[in-house]
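# Survey of secondary and tertiary structure
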Amino acid sequence: LVGLGVPVHPFVRRFLHFFRLWHHDLTPHGVTHLAVFVTLCECYLGIEPHFDLWQRIFQLSLSKDGSGSVQRIGAAAIQLRNNLKSQYQGFRIS
């Protein structure tokens, strides 16, 4: 399908550009983390998503193959920073 594209938030475009990534480089959880971060900023905090705030909460981890080269598809995982894991509010699904 030529010309079919999914509109993304400007923050996500800047994020991908900064790390020199494409959409297919992100893991499904990474896409979710970005969407939740944008929603948190705009709907809960009432601010524009800010890259410095993202960097204080999350980190990007790139998967590498046996030769040390970065894998290209699904290689960019977004993770909560280690120092915040103990403060993260988890929930149980019963």
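Every chain's residues receive numbers from 1 upward, in the order its sequence appears when written. Only residues with pLDDT of at least 70 are given local features in this predicted model, and only at 80 or more are side-chain atom pairs given and counted; all residues enter the totals for whole chains, interfaces and linings. Heavy atoms from the whole structure form the basis of all side-chain values; hydrogens and water molecules are not counted.

What follows covers the overall build of the protein. Scanning the protein from terminus to terminus reveals 3 helices and 2 strands. Each helix (α) and strand (β) of the protein, taken in turn from the N terminus, gives the series α-α-α-β-β. When accessible area is computed with a 1.4 Å probe and restricted to protein chains, residues below 20% of their type maximum are described as buried, those above 50% as exposed, and intermediate ones as partly exposed. Considering the protein as a whole, with its 94 residues, one finds that 22% of them fall into the buried category. Summarising the internal contacts of the protein: among those between residues at least 6 apart in sequence, 45% fall at separations of at least 24. Here the protein displays about 7400 Å² of accessible surface, and carbon together with sulfur accounts for 58% of that area. Secondary structure elements are taken from DSSP: a helix is a run of H or I of four residues or more, a strand is a run of E of two residues or more, and numbering for both begins at the N terminus. By the convention used here, residues are in contact when the closest approach between their heavy atoms is within 4.5 Å. Per-residue and other accessible areas were derived by the Shrake-Rupley procedure at a 1.4 Å probe size, with only the shown protein chains allowed to occlude residues.

Quick look at the environment of histidine 24 now. Mapped onto the secondary structure, histidine 24 falls in the loop between α1 (10-19) and α2 (28-45). Measuring from C-alpha to C-alpha, the distance between histidine 24 and alanine 75 comes to 8.7 Å, with 51 residues separating the pair along the chain.

What follows concerns α1. Regarding α1, the residues found buried are Phe11, Val12, Phe15 and Leu16. Looking straight down α1, one finds its buried side chains confined to an arc of 135°; they lie on one side. Away from its buried face by more than 90 degrees, α1 exposes His17 and Phe18. Here the buried face of α1 lies against α2, α3 (51-57), β1 (58-62) and β2 (76-80). Summarising the geometry, the arc corresponds to the directions from the helix axis toward the C-beta atoms.

Another point: the packing of aromatic side chains. Pairing of aromatic rings covers Phe, Tyr and the six-membered ring of Trp, with a centre-to-centre limit of 6.5 Å; geometry is then stacked below 30 degrees between planes, edge-to-face above 60, and tilted otherwise. All told, the structure shown has 10 aromatic pairs when counted by the stated rule. Ring centres of phenylalanine 19 and phenylalanine 51 lie 5.9 Å apart, and the angle between their planes is 55°; this geometry places the pair in the tilted category. Of the two residues, phenylalanine 19 is situated in helix α1 and phenylalanine 51 in helix α3; the sequence distance between them amounts to 32 residues.

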